[in-house]
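# Descriptive analysis of the structure
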Amino acid sequence: MAEARTAIANGGNATPGRVDGRTARAERTRRAIVVAHYSLISEGDLKPTGERIAERAGVSLRALWTNFKDLETLFAATDQLLVARQEAAWTEIDPALPFTTRVDEFCRQRARMLEIVAPLARAATIKQPFSAQLQDNRRRHIARVRTEIEALFAHELLAAGPGRGQLLDALSISTTWAGWSLLRDELSLSIDDARAAMSRTVTALLVTAMASSF
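Presented here is a report on the structure given in the accompanying data block. As the structure is a computational prediction, the values presented were derived from the model and not from experiment.

Criteria and cut-off values
- Residues numbered from 1 in each chain as written.
- Predicted model: local features only at pLDDT ≥ 70, side-chain atom pairs only at ≥ 80, totals over all residues.
- Heavy atoms only, no water.
- Helix = DSSP H or I, 4+ residues; strand = E, 2+ residues; numbered from the N terminus.
- Buried < 20%, exposed > 50% of the residue type's maximum accessible area, 1.4 Å probe, protein only.
- Contact = heavy atoms within 4.5 Å.
- Areas by Shrake-Rupley, 256 points an atom, 1.4 Å probe, with all protein chains shown as cover.
- Axes fitted to C-alpha atoms, helices over the stretch in contact; angles between N-to-C directions.
- Parallel < 35°, antiparallel > 145°, perpendicular 65-115°, else oblique.
- Nonpolar A, V, L, I, M, F, W, Y, C, P; charged D, E, K, R; others polar.
- Left-handed = near helix turned anticlockwise from the far one by under 90°.
- Phe/Tyr/Trp six-rings, centres within 6.5 Å; stacked < 30°, edge-to-face > 60°.
- Lys NZ or Arg CZ within 6 Å of the ring centre and 35° of its normal.

## Considering the overall build of the protein chain
Each helix and strand in the protein chain was counted, giving eleven helices and zero strands. Seen in sequence order, the protein chain has helices and strands lined up from the N terminus as α-α-α-α-α-α-α-α-α-α-α. The buried share of the protein chain, reckoned over its 214 residues, is 38%. Sequence separation of 24 or more characterises 65% of the internal contacts of the protein chain that already satisfy a separation of 6 or more. Carbon and sulfur atoms provide 56% of the accessible area of the protein chain, an area that totals close to 11900 Å².

Structural data, given as structure tokens:
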């Protein structure tokens, strides 16, 4: 499983077994296109054209649109590469750790994950209102973070009682792209300062919830 995850993160695929030459070439072409799209955006080209993607991938424009029928399918494949790269950098945090340690490790990890997603998130902002796929990508990223919060801070969320849902929403806003973009792009904070602000917010939200349970 770890080898498969690493392969995808490097732009490959995790399909086991042998494949014939034509299938292998098709997979290499698709991989090159996805990596080219991802790389151009990561380098600051937030609206790469089909021509630039094809040129970077070393394929024809026709090959690009033969492999991806439209931008939506390319957005989906590029998001899979993004998720794989995040997963390759992600480590599980023990929910049994002391509260302050959990908050610190969680916020450090969220900062790493958000810096990985940052270029694609900025690019997505341009086309997201008109793209069902980009909207779906965003929802799935948020859902993954909410699941992580629920597992890591189960005790504190339980202590919130009827306010559990509201607390989860507040934590989600503080630790996903919406909050990170405000800290990094609007307030121009460094990664360390943005992480510290996130940690302060998460701590305050959870401590308040625990205090209200007494």
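## Considerations on the packing of helix α9 (residues 164-175) against helix α11 (residues 191-211)
Direction vectors running N to C along α9 and α11 enclose 170°, while the axes themselves pass 9 Å from each other. Classified by the angle between their axes, α9 and α11 sit roughly antiparallel to one another. Of α11, the residues touching α9 (which contributes Leu167, Ala170, Leu171, Ser174 and Thr175) are Met198, Thr201, Val202, Leu205, Leu206 and Ala209. The residue makeup of the contact of α9 with α11, split by class, is eight nonpolar, three polar and no charged.

## Quick word on unusual backbone geometry
Its identity as a non-glycine residue notwithstanding, serine 188 has a phi of 55°, on the positive side. Within the secondary structure, serine 188 is located in the loop between α10 (177-186) and α11. Using a relative accessible area of 58% as the deciding quantity, one classes serine 188 as exposed.

## Focus on the packing of helix α2 (residues 21-42) against helix α3 (residues 50-57)
α3 packs onto α2 with a crossing angle of 115° between their chain directions and a minimal axis gap of 8 Å. Crossing geometry of α2 relative to α3 is assigned as right-handed. Note on element contacts: α3 touches α2 through Arg52, Ile53, Arg56 and Ala57, opposite Ala32, Ile33, Ala36, His37, Ser39 and Leu40. Along the lines of polarity and charge, the residues of the contact of α2 with α3 split into six nonpolar, two polar and two charged.

## Side note on the packing of aromatic side chains
Tallied over the entire structure, the rule returns one aromatic pair. Ring centres of phenylalanine 106 and phenylalanine 153 lie 5.5 Å apart, and the angle between their planes is 85°; this geometry places the pair in the edge-to-face category. You can see phenylalanine 106 sitting in helix α6 (residues 99-127) and its partner phenylalanine 153 sitting in the loop between α7 (132-152) and α8 (154-159), a full 47 residues away along the chain. Both residues of the pair, phenylalanine 106 and phenylalanine 153, belong to the buried class. Its guanidinium or amino end placed over the ring of tyrosine 38, arginine 85 lies 4.5 Å from that ring's centre, counting from NZ or CZ.

Purely spatial values, then, with no claim about function.
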